[in-house]
Amino acid sequence: MTEPTSIDVDRFLPHPPEKVWRALTDPERLAGWLMPNDFVPEIGHRFTFHTEPRPGFDGVVHCEVLALEPPRLLAWSWRGGTLDSTVTWTLAPEGRGTRLFLRHEGFDPDDPLQRQALRIMGGGWRSHIMRALETSLADQP
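Since the structure is predicted, the reported quantities are computational estimates derived from the model, not experimental observations.

Engineer: Would you mind showing me how to read the overall build of the protein chain here?
Structural biologist: Regarding its fold elements, the protein chain presents three helices and six strands. Sequence-ordered secondary structure for the protein chain, helices as α and strands as β, is β-α-α-β-β-β-β-β-α. For a compact globule of 141 residues, the expected C-alpha radius of gyration is about 14 Å, and the protein chain comes in at 15 Å, within 12% of that figure. Counting contacts in the protein chain only where the partners sit at least 6 residues apart, residues at least 24 apart contribute 48% of the total. Of the accessible surface of the protein chain, which amounts to about 7,600 Å², a share of 54% is contributed by carbon and sulfur atoms. Across the protein chain, 15 positive and 20 negative side-chain charges occur, with their mean positions spaced 6 Å apart.

Next comes the structure, spelled out in structure tokens:
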């Protein structure tokens, strides 16, 4: 069996795609459910996320906007510690809500720190982060 190299999340959100898109692309809203940042929704924009440092990771995630197709697709690079990866968000209208797909890919299964990051971040994306996004969406007009 091969080791996974990506995190995949599929979540239905009872909000229209435009509202979900704002949560992903407005820096203040993004900071409210993910991390403080200096994001600008422009292809090529380099930005950072800041979080608590951990062994092997200084707490800064260096990113660059790679793709932007409002309100359907957003991708950014994600570099922190030894990890050089990509996060892609895909939104699809579904009934009165949005089907949100997240793919965080580029983990090296031969690197012990990246295997650990894949496990920890996989749990975080699927539970804590998605719950924080859902709470943020419920609190926003």
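So much for the structure itself; the text now carries on.
Engineer: Help me understand unusual backbone geometry in this model?
Structural biologist: Peptide bonds are, in most cases, trans, and in most cases residues other than glycine have a negative phi. For the bond running from Pro70 to Pro71, omega is -15°, close enough to zero to count as cis. For Pro71, the location among the structural elements is in the loop between β3 (60–69) and β4 (73–80).

Engineer: How should the environment of Phe101 be read in this particular structure?
Structural biologist: In this fold, Phe101 is placed in strand β6 (residues 97–105). Overall, Phe101 belongs to the partly exposed group, its relative accessible area being 35%. For the pair Phe101 and Leu73, spaced 28 residues apart in sequence, the C-alpha separation works out to 9.6 Å. Phe101 has contacts with Val9, Asp10, Thr88, Trp89 and Thr90, leaving out every residue within four places of it along the chain.

Engineer: Which parts of the structure should I look at to understand helix α1 (residues 17–25)?
Structural biologist: Residues lying three or four places apart along an α-helix face the same way, a consequence of the helix completing one turn every 3.6 residues. Burial of α1 is extensive: seven of the nine residues sit out of reach of the surface. Buried within α1 we find Pro17, Lys19, Val20, Trp21, Ala23, Leu24 and Thr25.

Calculation criteria
Residues numbered from 1 in each chain as written. Predicted model: local features only at pLDDT ≥ 70, side-chain atom pairs only at ≥ 80, totals over all residues. Heavy atoms only, no water. Helix = DSSP H or I, 4+ residues; strand = E, 2+ residues; numbered from the N terminus. Rg over C-alpha atoms; globule rule 2.2 N^0.38 Å. Contact = heavy atoms within 4.5 Å. Areas by Shrake-Rupley, 256 points an atom, 1.4 Å probe, with all protein chains shown as cover. Lys, Arg positive; Asp, Glu negative; His and termini not counted. Charge placed at Lys NZ, Arg CZ, Asp CG, Glu CD. Buried < 20%, exposed > 50% of the residue type's maximum accessible area, 1.4 Å probe, protein only.

Just geometry here; none of it tells us what the structure is for.
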